[in-house]
Amino acid sequence: MTKKRTRLPALSTLESVKEALDVLLGRRGEKLDKVVTFRDLQESGAFRTSVRGSDLTLLPSPPDSSLGPDGVDLDTWVPSAPTGFLATAMMGGIFIEWDWPPKFGAVGHTEVYRATSNNAEQRQLLTVVDGLTYFDQIDGEDEQAYFYWVRFRSLGNKVGPFTGPVSAVSIPSAALLIERMEGQIDETLLAQHLRERIDLIDGEGGLVDQITEQGETFANQITQVQTQVQNNYSALQRTISSRFNSVTNRVESIYSLRINSNGRISGFGLADDGNESVFGVEADRFYVGYDRPFIISGGRTHIKDAVIRDGAIDNAKIANGAITNAKIASASIDEAKISNAAISSAKIKDGAITNAKIANVIQSDNYSYGSRGWRIDKNGNAEFNDATFRGTIYANTIVGGINVTRDAGRYVNVSLPSRSSRSTVVHTFSVRMPSGSTQYRAFFCISMSGSTSANTGVDMQVQIWINHRMVKAFNSFAMGYTGMGCTVSGASPGMGRGGDLFEFVVLAGSYEGGTRVTELSGWYGGMP
């Protein structure tokens, strides 16, 4: 509970003055009522003082340059171990991800390590990542299990502890999987049987109802129907076969129906060798169901509706898709309309953004607190090395003030009469100081050039006027043989106030005729 403020006595006697001083100096009463001097505030580091003449101003101190983003001491702060570390097997590689670290503004990057075993001594640095994800691209035929570790490195070059390992095996490409399966299918007894040639059988009417052979090692039942007209023929054969394979020591069974039409063979069959069952169809077009939900035609599969739990696709053309969750290692998108997106890391070569809401900070990729780059946080605080503003600046407090500088460069055409001594006005420059309590000193450095004869001298003068009142004049002189160049610089002896008009009047004179001023250069303005 806060105690009540100590009341100061009326300063009517020496004793009351002494009592009031004791309260203000903290010698008696509540310590919260002790006065704090400007020196106390300056020595606390929270404020600094600015002295102009007899005036002393108290200003907030700039941020402590020894502290980095998120208020951490970059010389000693060590990042924590990453969390949420996962590895997901994908076609053509392995996708790894992790969560945002605490005080992520002070984290420089994430180091990703990899090994072919879970032995931490074998891990090697794979890459350095600025974001929260990495796709490890792996050759389609590489089915090696890979193990991953990650750790954070701070902007102060301090490394945190490792997280891991997590592991995964890359999924081979669909083309490679299909090639493997085709080779395995071609080697099966059924595939070879379905593609065998059907020989025509001689007989009355060209029809054989049934052929049956039985023995100790095999049993076949073959039914064949055939037709032949001149050079055109067709044969249909149904085979039911069971035999013992003494090489594999297995019983092999086949049921098939085959058609040979002018040498073109098609059909279907079922085979089982006790280890694997195979059902195959040799046809140009294949469909299932009355409403044709599934059709294979011309080497392409057509499906009206499908529910796929886990799919691997090498290339996809999707006219309209609704995707709940996606991990995309590499994408090329011509146009995208996204109502709500969460992106951990993005590299955009050229972007046009109508409106952007930054939840935390936006900064340059080379940003280092107090030394390089730029940064703007969500509270409106900004840090830049240099900035040029072409319009008006409004500020409640400006620490150190802002120089108001203008370019004095311009072309002129002014002839100087003979026997004139700084009486001809060449040009008048003017600038108004920003409004406010800041005081400004007028300053300038202006050069004059042109043409003149070698045996004459040229005078130059610049007058400083504040609110149409001259406060100081500065002179310079040059001989013609040195060229027409002449420079004057100076500053007002006193300070002007915010909102004052500063004017700089350039005058010139010449002892002989034929002198012409053609160009002015330099700068002028006000400094706080």
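Here the structure is a predicted model, which means the values were calculated and not measured.

Counting its regular elements, the chain contains 4 helices and 30 strands. Taking all 528 residues of the chain together, 27% fall into the buried category. Sequence separation of 24 or more characterises 59% of the internal contacts of the chain that already satisfy a separation of 6 or more. Total accessible area computed for the chain in this model is approximately 35800 Å², and 49% of it derives from carbon and sulfur atoms.

What follows is about the sheet that holds strand E3 (residues 86–90). Across a sheet, paired strands are connected by hydrogen bonds in the backbone, their directions being either parallel or antiparallel. The strand order across the open sheet formed by 3 strands is E3-E4-E7, and the pairing between neighbours is antiparallel. With partners counted over all chains shown, the strands left at the sheet margins are E3 and strand E7 (133–137), one partner each. Between one strand and the next, the sheet's axes are offset by a mean angle of 20°, whatever the strand orientation. Pairing between strand E4 (residues 93–97) and E7: 5 bridges, direction antiparallel. Across the sheet, the residue bridging to Phe95 is Phe135, located in E7.

Mapped onto the secondary structure, Ser492 falls in the loop between strand E28 (486–491) and strand E29 (501–510). On the accessibility criterion, Ser492 (3% relative accessible area) is buried. With near-sequence residues (within four places) excluded, Ser492 lies in contact with Arg441, Ala442, Ile464 and Val471.

Right, let's talk about unusual backbone geometry for a bit. Across the chain, the bulk of peptide bonds are trans and the bulk of non-glycine residues have phi less than zero. Omega for the bond connecting Gly164 with Pro165 falls within 30 degrees of zero, at 5°, which places this linkage in the cis form. Along the chain, the position of Pro165 falls in strand E9 (residues 163–169). Its identity is not glycine, yet Asn262 carries a phi of approximately 55°, on the positive side. Along the chain, Asn262 falls in the loop between strand E13 (250–261) and strand E14 (264–272). What makes Asn262 partly exposed here is its relative accessible area of 43%. Residues other than glycine seldom take positive phi values, yet His468 does so here, at roughly 65°. Locating His468 in the fold gives a position in the loop between strand E26 (457–466) and strand E27 (469–479).

Time to look at helix H1 (residues 14–24). Burial in H1 covers these residues: Ser16, Ala20, Asp22 and Val23. Here the buried residues of H1 occupy an arc of 160° about the axis, which is enough to place them on one side. Positive phi appears at Gly26, one or two residues downstream of H1, with a value of about 80°.

Taken together, the side chains of Asp139, Glu141, Glu179 and Glu182 present a region of like negative charge at the surface. Looking at where Glu179 falls in the secondary structure, it is placed in helix H3 (residues 174–186).

Looking now at the packing of aromatic side chains. Within the structure shown, the criterion is met by 10 aromatic pairs. Ring geometry for Phe443 against Trp523: centres 5.5 Å apart, planes inclined by 55°, an arrangement best described as tilted. With Phe443 in strand E25 (residues 441–451) and Trp523 in strand E30 (residues 515–527), the pair connects residues that are 80 residues apart, well separated along the chain. Exposure remark for Trp523: the relative accessible area of 39% places this residue in the partly exposed category. Note on Phe504 and Tyr524: the rings are 5.5 Å apart at their centroids and 55° apart in plane angle, and the pair reads as tilted. With Phe504 in strand E29 and Tyr524 in strand E30, the pair connects residues that are 20 residues apart, well separated along the chain.

A complete count under the given rule lists 6 salt bridges for this structure. Among the ionic pairs, Arg243 bridges to Glu252, the shortest N-O distance being 3.2 Å. With a relative accessible area of 10%, Glu252 lands in the buried category. A salt bridge links Arg250 to Asp273; its shortest N-O distance comes to 3.8 Å. Here the residue Arg250 occupies a position in strand E13, and Asp273 occupies one in the loop between E14 and strand E15 (277–282), the gap between them amounting to 23 residues. One salt-bridge network, held together by shared partners, links Glu111, Arg151 and Arg153.

Right, let's talk about the nonpolar core for a bit. Counting 30 residues, the largest nonpolar core has Val426, Phe444, Met448 and Phe504 as its most contacted members. When contributions to this core are tallied by element, the ones reaching two or more residues are strand E23 (410–416), strand E24 (424–432), E25, E26, E27, E28, E29 and E30. A per-element tally of this core places E26 first, with 5 residues. Ranked by size, the runner-up nonpolar core spans 19 residues in total, among them Leu74, Phe85, Ile96 and Ala168.

The element E29 is largely enclosed, with a buried count of 10 among its 10 residues. Alternating residues of E29 divide into Leu501, Glu503, Val505, Leu507 and Gly509 and Phe502, Phe504, Val506, Ala508 and Ser510, and every residue in both groups is buried. The pairing of E24 with E29 spans 8 bridges and is antiparallel. Residue pairing across strands places Phe429 opposite Phe504, the latter belonging to E29. Sheet topology note: the E26/E29 ladder contains 9 bridges and is antiparallel.

Assignment of secondary structure puts Thr515 in strand E30. Polar contacts involving the side chain of Thr515 include one to the side chain of Ser510, which spans 2.9 Å.

On to the sheet that holds strand E19 (residues 361–363). Read from one edge to the other, the open sheet built from 3 strands follows the order E19-E20-E21, with strand pairing classed as antiparallel. Looking at strand neighbours, the two that pair on one side only are E19 and strand E21 (382–383), the edges of this open sheet. With 2 bridges joining them, strand E20 (residues 375–377) and E21 adopt antiparallel strand pairing. Directly across from Ile376, in E21, lies its bridge partner Ala382.

This part takes up the environment of Val462. Topologically, Val462 is positioned in strand E26. Under the relative-accessibility criterion, Val462 is labelled buried at 0%. C-alpha separation for the pair Val462 and Val505, spaced 43 residues apart in sequence, amounts to 5.4 Å. When neighbours within four sequence positions are excluded, Val462 is seen to be in contact with Phe444, Lys472, Ala473, Phe474, Val488, Phe504, Val505 and Val506.

What counts and what doesn't
- Residues numbered from 1 in each chain as written.
- Predicted model: local features only at pLDDT ≥ 70, side-chain atom pairs only at ≥ 80, totals over all residues.
- Heavy atoms only, no water.
- Helix = DSSP H or I, 4+ residues; strand = E, 2+ residues; numbered from the N terminus.
- Buried < 20%, exposed > 50% of the residue type's maximum accessible area, 1.4 Å probe, protein only.
- Contact = heavy atoms within 4.5 Å.
- Areas by Shrake-Rupley, 256 points an atom, 1.4 Å probe, with all protein chains shown as cover.
- Pairing = 2+ DSSP bridges.
- Axes fitted to C-alpha atoms, helices over the stretch in contact; angles between N-to-C directions.
- Arc of directions from axis to C-beta.
- Patch = residues over 30% accessible without salt bridge, like charges linked within 9 Å, V, L, I, M, F, W, Y side chains within 5 Å.
- Salt bridge = Lys/Arg side-chain N within 4 Å of Asp/Glu carboxyl O.
- Lys, Arg positive; Asp, Glu negative; His and termini not counted.
- Charge placed at Lys NZ, Arg CZ, Asp CG, Glu CD.
- Phe/Tyr/Trp six-rings, centres within 6.5 Å; stacked < 30°, edge-to-face > 60°.
- Core = buried A, V, L, I, M, F, W, Y, C linked by side-chain atoms within 4.5 Å.
- Polar contact = N/O pair within 3.5 Å; in protein donor to acceptor, adjacent residues only side chain to side chain.

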